[in-house]
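Working through the structure, step by step
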Amino acid sequence: MKDLPTSPPVIEQHIFSQKTQQIAISPHQKILNSLFSNTFMVGTSLAIALDNKSIEEHPVIKLVNLCMVYRTAYMETMALDDINLHIRKGEFVAVMGPSGCGKSTLLNIVGMIDTPASGEYWFDGQEIAKRSENALVDLRKRNIGFIFQNFNLIDDLSVAENVDLPLLYLGLSRGERKQKVAEALALVGLENRARHKPQELSGGQQQRVAVARSVVGNPKLILADEPTGNLDTKNGDDVMQMLAMLKSRGTTILMVTHSPEHGARADRIIYMLDGRIDARIDARVDTGVDTRIDARLEGRMLGEAQ
Ligand SMILES: Nc1ncnc2c1ncn2[C@@H]1O[C@H](COP(=O)(O)OP(=O)(O)O)[C@@H](O)[C@H]1O
Ligand SMILES: [Mg+2]
């Protein structure tokens, strides 16, 4: 195991406003709203990346002393507690840890769905706190694709229309969109299901549609929150293979998983506990998972189930 990295240097001290977060809308609802709100934007032509890029040193995500507090009428939860994290361009990073430890909160903040209570978040060299709400929406829609445990497809839309959704924001012509949707569906092996409705597909196929939707706009970053959680082993492995393929094309991926096997396919596993990063471990596919970590994970998972 490698030595734990030291905290990243603080480039500039900037603390987000400390005002309390009143939760009127759940983060999950906010993600859905952000995905499907009817905002059109002028955009540049984007293509699905086909070149093989290696991991670059430049961090696409940098979190410095980041904290997130949820306050309700009854209690206060420190969902993220002093998180320091660098994720480089092209890295595939898995996040593991027991239920309630802050994994989804981390993804929501990295996905610009929520803003932290304090600390810094730098995305691709830009400090997020300094951006307006509209600028953040624009940054998110151009750069980040989401995959969820429960697919989050719109039942009334066809497969192709679901995949087309992120492109609506980018102001592309109908012809360009059609071509990109076809490419994305071919990428996940569903080119012959374009006219189907999500309900006419298996769970595994629905998640493939969600993968196609996440990549169709050629995002820099894909956030996947337990993408294999509702799938059987075979379909789960297929989704992991697709994520590995996207990584090989240079996309940065941050994935929450409960599966040590799926975590092992990432370049690195971040283990969280009680809102903190507990350990950072290199777990490359070719070296396999560190068995000591496996044992620890199993202990924690068992503890969680009891
Ligand atoms: N909208 C919310 N309001 C209040 N507390 C929340 C909210 N979302 C998450 N929490 C709390 O924050 C902690 C972290 O939650 P979450 O990030 O969803 O954990 P995980 O994804 O690891 O299961 C939990 O204690 C959870 O109950
Ligand atoms: Mg979660």
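Scroll up for the structure.
Since we're looking at a predicted model, the values are computed, not measured.

All right, on to helix α6 (residues 203–215) then. The α-helix winds at 3.6 residues per turn, so residues separated by three or four positions along the chain end up facing the same way. With 13 residues, α6 extends 19 Å from end C-alpha to end C-alpha; this agrees with the ideal 18 Å at 1.5 Å per step. Within α6, 11 of the 13 residues are buried, which leaves it mostly tucked inside the rest of the structure. Residues of α6 that are buried include every one of Gln205, Gln206, Gln207, Arg208, Val209, Ala210, Val211, Ala212, Arg213, Ser214 and Val215, and no others. Where α6 is buried, its residues contact β6 (144–148), α4 (159–168), α5 (174–187), β7 (221–225) and α7 (233–248).

With that settled, consider the nonpolar core. Looking at soluble globular proteins, one finds that nonpolar side chains tend to be buried together. By size, the foremost hydrophobic cluster in this structure holds 72 residues, and its most contacted members are Val95, Ala212 and Leu254. Tallying contributions element by element places strand β1 (residues 59–71) first for this core, with 6 residues. Apart from residues lying up to four places away in sequence, alanine 212 is in contact with Val163, Ala184, Leu185, Leu187, Val188 and Leu190.

Each regular strand carries side chains that alternate between the two faces of the sheet. Of all 6 residues in strand β4 (residues 118–123), 5 are buried; the element is thus mostly enclosed. Relative to β4, β1 is paired through 5 bridges, and the arrangement is antiparallel. Within the sheet, the bridge partner assigned to cysteine 67 lies in β4 and is serine 118. Bridge count between β4 and strand β5 (residues 126–127): 2 bridges; the pairing is antiparallel. Along β5, the bridge assignment pairs phenylalanine 123 with glutamine 126. Taken together, β4 and the strand that follows it, β5, pair antiparallel across an intervening segment of 2 residues, in which aspartate 124 is found at a positive phi of about 50°.

It is worth spelling out unusual backbone geometry at this point. As a rule of thumb, non-glycine residues mostly have phi less than zero, and peptide bonds are mostly trans rather than cis. Its identity as a non-glycine residue notwithstanding, methionine 112 has a phi of 60°, on the positive side. Along the chain, methionine 112 turns up in the loop between α2 (103–110) and β4. A tally of 22 C-beta atoms within 10 Å means that methionine 112 is categorised as buried. The phi dihedral of glutamate 226 is positive, around 50°, even though this residue is not glycine. Within the secondary structure, glutamate 226 is located in the loop between β7 and α7. Glutamate 226 gets classed as buried once you count the C-beta atoms within 10 Å, which come to 21.

How each quantity is defined
- Residues numbered from 1 in each chain as written.
- Chains lettered and ligands numbered in written order.
- Predicted model: local features only at pLDDT ≥ 70, side-chain atom pairs only at ≥ 80, totals over all residues.
- Helix = DSSP H or I, 4+ residues; strand = E, 2+ residues; numbered from the N terminus.
- Expected span 1.5 Å × (residues − 1).
- Buried ≥ 20, exposed ≤ 12 C-beta atoms within 10 Å, placed from the backbone.
- Contact = placed C-beta atoms within 7 Å.
- Core = buried A, V, L, I, M, F, W, Y, C linked by C-beta atoms within 7 Å.
- Pairing = 2+ DSSP bridges.

Function cannot be inferred from these measures alone, as they are strictly geometric.
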